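Summary of structural features
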Amino acid sequence: MTTTQSDNKKAQRLARDLKRKGIKDERVLAAIAQIPRERFIDEELAEYAYLDRPLPIEKGQTISQPYTVAYQSQLLGLKPGEKVLEVGTGSGYQAAVLCEMEADVYSIERYQQLYLSAKETLNSLGYHPHLFHGDGFEGLPEHAPFDKILLTAAPVEVPKKLLQQLRIGGWLVGPLGGRMGQKMTIITRVSEEEFRESEHGDFIFVPMQKGIAMLTTKNCR
Ligand code: SAH
């Protein structure tokens, strides 16, 4: 399937919609305008792809609402070439936005099935971020330090191991709080042991869960 001109127009319209809603970072808006969001969801949901709505993906997970993707991307304040770790690859859409912003993207997903399908989608669109099937609570110590870390699922507690994988001066953007709703939070690593927090509005995300889940196959027994 190739991206048609009209899909591209829809992505451009979505970017304009997000600008009206307050997204100011032109690099974020340009990325949204480029990406065929319908490729990251089930074909049956294609008609909703460019509405500013979260949508279901496999394994009971969701592709975040475009406004949330844009808002988090804006809070990351990415400079080209910066190394960013995304926790929760999901559909791969957010990773595509980060790739369009010329970041060096690492993304980790606990469901093997989502990891595999995100990889296929991203590669078919010409995006080649570093993708991993693993537990985001552990992060990727072998690839640390990261300039920025982005959580796209909500942990009950701040994942301490992730904070240790930030470079000094770098920051984590993520939804923190209980299961019922979270505050978008920025945690900046000010020095080796010192961190500073600020809050940026209310959101609701799917929970960040411990451990990994393997591909399930339907075997005849
Ligand atoms: N960024 C995604 C949003 C996916 S929703 C997108 O653009 O589509 C959040 C994702 O986080 C889900 O796919 C969920 O499986 C994943 N997740 C939850 N806990 C995790 C963990 N501990 N490690 C890695 N991924 C996790």
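Just above, that's the structure.
The sections below set out a description of the structure shown in this document. (Residues numbered from 1 in each chain as written. Predicted model: local features only at pLDDT ≥ 70, side-chain atom pairs only at ≥ 80, totals over all residues. Heavy atoms only, no water.)

Quick word on the sheet that holds strand 4 (residues 104-109)
Defined as follows: One bridge is not enough; two strands pair if DSSP finds at least two bridges between them. Numbering of helices and strands runs from the N terminus; a helix is a DSSP stretch of H or I covering at least four residues, while a strand is a stretch of E covering at least two. The axes used here are C-alpha line fits, helices contributing only the stretch in contact, and every angle between their N-to-C directions lies in the interval 0 to 180 degrees. By the convention used here, residues are in contact when the closest approach between their heavy atoms is within 4.5 Å.
The mixed open sheet is built from seven strands, whose spatial order is 5-4-3-6-7-8-9. The open sheet has two free edges, formed respectively by strand 5 (130-133) and strand 9 (195-203), since each of these has just one partner strand. Strand after strand, the sheet turns through a mean of 15° between neighbouring axes, direction not considered. Here seven bridges tie strand 8 (residues 181-189) to strand 9, and the two strands are oriented antiparallel to one another. Directly across from isoleucine 187, in strand 9, lies its bridge partner glutamate 197. Along the sheet, helix 3 (residues 66-76) makes contact with strand 3 (83-87), strand 6 (146-151), strand 7 (166-178), strand 8 and strand 9, crossing strand 7 at roughly 150°. Packed on one face of the sheet, helix 5 (residues 112-124) meets strand 4 and strand 5 and runs near 160° to strand 5.

Section: the site of the ligand
This is how it is decided: We call a residue near a molecule or strand as soon as one heavy atom of that residue lies within 4 Å of the molecule or strand. The term polar contact refers here to a pair of N or O atoms within 3.5 Å; inside protein, the definition further demands a hydrogen-donor-capable atom paired with an acceptor-capable atom, and it admits residues adjacent in sequence only when both atoms are side-chain atoms. With residues, only the protein chains shown are counted as cover, and all accessible areas are computed by Shrake-Rupley using a 1.4 Å probe.
Lining the immediate environment of the ligand, one finds 27 residues, of which Glu86, Ser91, Glu109, Gly136 and Gln209 sit closest. The contact in question runs from a nitrogen atom of the ligand to an N or O atom on the side chain of glutamate 86, over 2.8 Å. Contact between the ligand and glutamine 209: a nitrogen atom at 2.7 Å from a main-chain N or O atom of the residue. The fraction of the free accessible surface of the ligand (580 Å²) that becomes covered by protein chains is 100%. Counting only elements with at least two residues in the shell around the ligand, the list comes to strand 2 (62-63), helix 4 (93-100) and strand 4.

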